[in-house]
Amino acid sequence: MIQNKFFSLPMMFVLSLFATTILVSSACNRDDDDNNPNEEELITSVILTFTTPGGTSTSFSFKDTDGDGGANPVVQDITLAAATNYTLAVKFLDESNAADVEDITVEVAEENAEHLVCFSVEGGVPQPTVDDTDDNGKPLGLQNRLTTTTSGTGKLTVSLKHQPNKGAATPCSTGDTDVEATFNVAIN
Amino acid sequence: MQLREFMLAALMLLQTFAASKGFTQTCTLQLNGQILESHSRQPLSFATISIKEINKGAIADEKGRFSIEGLCPGNYTVVCSMVGCEHAEHEVRVEQSLIRDFYLEATAVELGRVEVVEKAIAPASTQPQQALQGASLESGKALGLGEALKRLPGITTLNTGHSISKPTIQGLNGNRIVILNNGVRLEAQQWGDEHAPEIDPFIASKVSVIKGAAGVRYGADAIGGVILVEPEPLREKPGIGGQVAVAAFSNGRTGLVSAAIEGALGGKLPLSARLQGTFKRGGNVQSPDYFQRNTGLEELNYSWALGLKKEKFSTALYFSIFSTELGILRDAHIGNLTDLELAIERGRPLSDGAFTYELGRPKQNVLHELFKWQFSVETGEKSKLQIEAARQFNRRQEFDAHRPFGNLPDELTRPQFEFEITTYTLDLNWEHRWLPNTRGSIGAQGLHQRNTTDFGALIPDYSAQNGGVYWIERWRKYPSPWEIEAGVRYDAKRLSISTQGTDTIGQDLQFSNASGTAGVIYHLAEATLRFNAGTAWRAPHPNELYSDGVHHGAAAYELGDPNLRPERALNFSLSTNWTRPKKFDATLSLYHNRISDFIYLEPQSVPKLTIRGAFPAFHYRQTDATLTGFDWTAQVFLLPQLTLESQGAVLRVWNRNAGDYLIFMPADRFTHGFKYTFGPTADEAGERPFLRLAMTNVLRQTRAPQGDLAPPPPGYTRFDAEAGMTLQWGKKTMEIGFSVFNLFNAHYRDYLNRFRYFTDEVGRNMLLRAKLIF
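Residues numbered from 1 in each chain as written. Chains lettered and ligands numbered in written order. Predicted model: local features only at pLDDT ≥ 70, side-chain atom pairs only at ≥ 80, totals over all residues. Heavy atoms only, no water.

### Looking at the packing of aromatic side chains
All names here are of chain B. One pass over the structure, following the stated rule, counts 26 aromatic pairs over all chains. In textbook terms, an aromatic cluster arises when at least three aromatic residues are bridged by ring pairs, as seen for Tyr302, Trp304, Phe319 and Phe371. Geometry around Phe399 places Lys363 over its ring, the cationic atom sitting 4.8 Å from the centre. The positively charged end of Lys675 is found above the aromatic ring belonging to Phe690, 4.9 Å away from the centroid. (Phe/Tyr/Trp six-rings, centres within 6.5 Å; stacked < 30°, edge-to-face > 60°. Lys NZ or Arg CZ within 6 Å of the ring centre and 35° of its normal.)

Here you go:
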């Protein structure tokens, strides 16, 4: 009777589960404590470099080195000369750790089909034209041209779009925005 | 025959509505079962079982089998005895016809006392309590816990797309409600609006909700209420059994299979065990006009349980893992306010999408693990001590559409956010019957918790310790119509905030407070009236204290306030259940919840400038809020086979300090429908074949504060249909159900879906499900 019970189906099931219990409970998930929460790279700075045909470069930056919260971003006002053909290079940096500045532009250039730099202007600022293309021959926007005519003031907004629909009528209103930095511009 | 005393108790089956003492001959429920001796498993021939209130009873046959017919739903005092014996009284709750075997143990004492080794029945709450049962629970399980609970009046969900549903009780959710998963309070990242409870609904044989502040019994922070997810008790009858459930949805081509197998040994080693698992996979869901891109999901859950039950004590081990990978609607993932405004202007996803099971960024990966040990022992004839110790581990990873910048290969698969929280809890509960006609519990609860934020410094790392003690007593003397309950509780909480990202905070916060509850139930012939006044309080959560950053999903900059005080709720509820057999069954609850120092996000006039552009700014503030409302559910039995079903919920919320409404409060909603039941009306166990058609009306939320980016969407009407039947052959039962949700493929958006800016709700969805019990 006892013998019979011992080898019964429920007995085998219960006992095998009991064995599994001991195995599984020793394999509980644990906090793996990566402990480097801010290692993730962010874009903290946008640098616009304007170069004249003569090779003179001037750079202006929009920096928010402490990330989204905390202190407000520091923005330099752009001053340009009238009636000049500038090339406009856009650079994105991670300066959250001053000792280890990362150039995110490299990654944007690598994933060029996934990204698009867009410009919008207000007031007397001329619209930049995109000069470079991605691997599919579509605009990218890291290298651009901006031709000033008369003097005036206004605003220039640079945005970096992720996964835009570059085939859309207005690709700059698609995708999600990684950067949107607005500069005051004076053309003298 | 020798004198025998039977101690009997029965587990409540599908709960609830109230105790109705209006017994008439027209009631149709049955209590069937067998009385067995728990050691030998031999039937106890010719034992008698009777129900005190109605003088109904039965004598078990030679094989110990009995059947009592003609019961109304309600609470009964069951008396079990054998010829010439003293009898003992026990409460049994009958909600539908039930089959129950009673295991009685003959001890070797002279009088041959027989005792039952069952868990005592928790008395009915003096607060409104409702449960999901039958076909509603079964088809709800396939939808998920939140969506299933929505079928109860007064319960809504705060959604993030179609797959993330946070249950909301009378307007409150997240950290303001307590979810008990198999007796253990779920500890995860409840603070996030897009963090759904990590529970496999298929573990549950019963899901019920207690509405209103229930701090004393379930933990101080149960300001809005409690959700109880309870598995079937472990099998005691020797042998092996189980069940397999399968379900398939047309929309998203979601399929799921859930199976459980259980076994019990009899004799000297009364061990029971269960192994259970669920797998679910779905692809992109479809709104009437387009597919929602990247909305698939995959879920794999399993659990096991082992129990040992002796006459004086029982012990059990339980382990469960819930793991899910959830796609987030690609079009809802926006980078900044401009993107959000463009999306709102567009009013629909960029492209029509296509069906795929493939799941990409943005997504969430969530793992929740629970390990629990439970022990309960009879401490004398009229008391019982229960000990429950549990460890929970939760890992939540959130992946943005954009993989993190950086060139190391491991960064390609890194999440933007990773939170890990480990929680240890210890609960002691001592049930007792010290005085005649009273029963009560004294208990203590302890919690230790550690949270680390491994990626994305949205909330700080912290550890927390809670301790609480409570005492509740309940009085009722039959046949007095009054039943009275009162309880007190005291809790202390310590919160040590260490670091947030690279910033060291090092704040040590301590909170302590008392809570109380007092309630009465008045039993009438056909109705029950309940009144309860309860308090609860909640310490501010670290996200409310230390948030400092942009919440990208919502395009909002949120700033915490380290000086927040705990919030306190005082809740009054008055509810009534009125049942007239074959005529109607109705429950109405009225409530008024005053919450002082209610923590909420206040819109700021100056936006926050970041490198992604300017974001609307919100600061955590405190106010005094009131939530007043009522909800009802009613069944009117128009014809023997035709039932009119009605339920609804109305809620008014006021931010008293700001003189404004509060955001994300459910709009008034009403559901009406008919249920047609086939087959004889005579007594029958199980659910008869039925057909149900229901219409849900949700009004526009006109009481919303300024500061939302788009006004609340218009109200909508949605139709759902459902049919089900049960087949039986031998000992096997097969339940089959077919449901159509959003029958007419209506276009609509719900105010409480955070993705209402981006997409219509899911279109028509058909569900075919089957469950085999063997």
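Next comes the rest of the description.
### Considering the pairing of strand β20 (residues 297–309) of chain B
All names here are of chain B. Here strand β19 (residues 271–282) pairs with β20 via twelve bridges, running antiparallel. Among the inter-strand pairings, Leu275 is bridged to a residue of β20, identified as Trp304. Judged from the 13 bridges that link them, β20 and strand β21 (residues 313–327) form a sheet pairing that is antiparallel. Within β21, the position partnered with Ser303 by the bridge is Ser320. The hairpin turn running from β20 into β21, its antiparallel successor, is three residues long. (Pairing = 2+ DSSP bridges. Helix = DSSP H or I, 4+ residues; strand = E, 2+ residues; numbered from the N terminus.)

### Considerations on the environment of B:Ala214
Residues and elements named next belong to chain B. Counting through the fold element by element, Ala214 comes out in the loop between β15 (206–211) and α3 (215–218). Accessibility expressed as a relative area gives 6% for Ala214, which makes it buried. C-alpha separation for the pair Ala214 and Gly534, spaced 320 residues apart in sequence, amounts to 6.4 Å. When residues no more than four places from it in sequence are discounted, the contact partners of Ala214 are Gln127, Gly219, Ala222 and Val226. (Buried < 20%, exposed > 50% of the residue type's maximum accessible area, 1.4 Å probe, protein only. Contact = heavy atoms within 4.5 Å.)

### Describing a nonpolar patch on the surface
All names here are of chain B. The grouping of Phe531, Leu570, Phe572, Leu574, Leu588, Leu590 and Phe630 at the surface amounts to a nonpolar patch, some 530 Å² of accessible area in total. Breaking the nonpolar patch down by element, the ones donating at least two residues are β32 (567–580) and β33 (584–603). Here the nonpolar patch gets three residues from one element, more than from any other, and that element is β32. Counting through the fold element by element, Phe572 comes out in strand β32. You can call Phe572 partly exposed: its relative accessible area is 32%. (Patch = residues over 30% accessible without salt bridge, like charges linked within 9 Å, V, L, I, M, F, W, Y side chains within 5 Å. Areas by Shrake-Rupley, 256 points an atom, 1.4 Å probe, with all protein chains shown as cover. Salt bridge = Lys/Arg side-chain N within 4 Å of Asp/Glu carboxyl O.)

### Here's the deal with unusual backbone geometry
Residue and element names in this part refer to chain B. Across the junction of Arg361 and Pro362, the peptide omega takes the value -5 degrees, indicating a cis bond. With respect to the helices, strands and loops of the structure, Pro362 is situated in the loop between α4 (337–346) and β22 (363–378). One non-glycine residue, Asn294, lies in the positive phi region at around 60 degrees. Within the secondary structure layout, Asn294 lies in the loop between β19 and β20.

### Observations concerning the pattern of salt bridges
Residues and elements named next belong to chain B. Here the structure, examined in full by the defined rule, presents 42 salt bridges over all chains. A salt bridge links Glu138 to Lys141; the shortest N-O distance between them is 3.5 Å. With Glu138 and Lys141 both in helix α1 (residues 134–143), this residue pair falls three residues apart, about one helical turn. By relative accessible area, Glu138 is classed as buried at 10%. A salt bridge links Lys206 to Glu230, with the shortest nitrogen-to-oxygen separation between them at 3.8 Å. Taken together, the positions of Lys206 in strand β15 and Glu230 in strand β16 (residues 225–230) put the pair 24 residues apart, joining distant regions of the chain. Through salt bridges with shared partners, one network takes in Arg217, Arg474, Arg476, Glu483 and Glu485.

### Digging into the sheet that holds strand β14 (residues 184–185) of chain B
Reading across the sheet, the five strands line up as β10-β15-β16-β13-β14 (chain B) and stay open at both edges, with mixed pairing between neighbours. The open sheet terminates on both sides in strands that have one partner only, identified here as β10 (129–132) and β14 of chain B.

### With respect to the sheet that holds strand β7 (residues 115–123) of chain A
Neighbouring strands of a sheet are bound in pairs by backbone hydrogen bonds; such pairs are parallel or else antiparallel. Residue and element names in this part refer to chain A. Overall, mixed pairing links the four strands, which are arranged β4-β11-β10-β7 in an open sheet. Edge positions in the open sheet fall to β4 (78–80) and β7, since each of these has one partner strand only. Taken over all neighbouring pairs, the strand axes of this sheet differ in orientation by 30 degrees on average, direction set aside. (Axes fitted to C-alpha atoms, helices over the stretch in contact; angles between N-to-C directions.)

### Some points on the state of the cysteines
Residues and elements named next belong to chain A. Inspection of the entire model under this criterion finds one disulfide over all chains. Covalent S-S linkage joins Cys118 and Cys172, the inter-sulfur distance amounting to 2.0 Å. One disulfide, between Cys118 and Cys172, carries an S-S torsion of -90 degrees and so falls in the left-handed class. Of this pair, Cys118 sits in strand β7 while Cys172 sits in the loop between β10 (152–162) and β11 (176–187); the two residues are 54 residues apart in sequence, bridging distant segments of the chain. (Disulfide = S-S within 2.5 Å.)

### A look at α1(B)
Residue and element names in this part refer to chain B. The buried fraction of α1 is high, at nine of ten residues. When α1 is considered as a whole, its buried residues turn out to be Gly134, Ala135, Ser136, Leu137, Glu138, Ser139, Gly140, Lys141 and Ala142. Gly144 lies just past α1 and shows a positive phi near 120 degrees.

### Topic: the interface of chain A and chain B
The partner chain B presents 69 residues to the 53 residues of chain A that form the contact. Carbon and sulfur atoms make up 55% of the surface buried where chain A meets chain B, a total of about 5000 Å² over both sides. By the criterion of area lost to chain B, the three top residues of chain A are A:Phe13, A:Asn29 and A:Asp68, representing 13% of everything that side buries. Applying the counting rule to chain A against chain B returns two salt bridges. Residue A:Asp176 is joined to B:Arg330 by a salt bridge in which the shortest nitrogen-to-oxygen separation is 2.8 Å. Counting across the interface, chain A meets chain B through nine residue pairs in polar contact (both at pLDDT 80 or more). Of all elements in the fold, only α2 (9–25), β1 (45–51), α3 (105–110), β10 and β11 of chain A reach the threshold of two or more residues within the side of chain A that touches chain B. (Buried area = accessible area lost by both parts, 1.4 Å probe. Polar contact = N/O pair within 3.5 Å; in protein donor to acceptor, adjacent residues only side chain to side chain.)

### Focus on the nonpolar core
A:Val46, A:Leu48, A:Phe50, A:Ile78, A:Leu80, A:Phe92 and A:Leu156 are the most contacted members of the largest nonpolar core, which has 30 residues in total. Where this core is concerned, the elements lending two or more residues are β1, β2 (57–63), β4, β5 (85–94), β7, β10 and β11 of chain A. Take this core: its biggest share by element is five residues, from β11(A). If we skip the residues at most four places from it in the chain, A:Leu80 touches A:Phe50, A:Phe60, A:Tyr86, A:Leu146, A:Thr148, A:Val185, A:Ala186, A:Ile187 and A:Asn188. Core analysis: the next-biggest nonpolar cluster, separate from the first, contains 23 residues, B:Ile169, B:Ile179, B:Ile203 and B:Ala305 among them. (Core = buried A, V, L, I, M, F, W, Y, C linked by side-chain atoms within 4.5 Å.)

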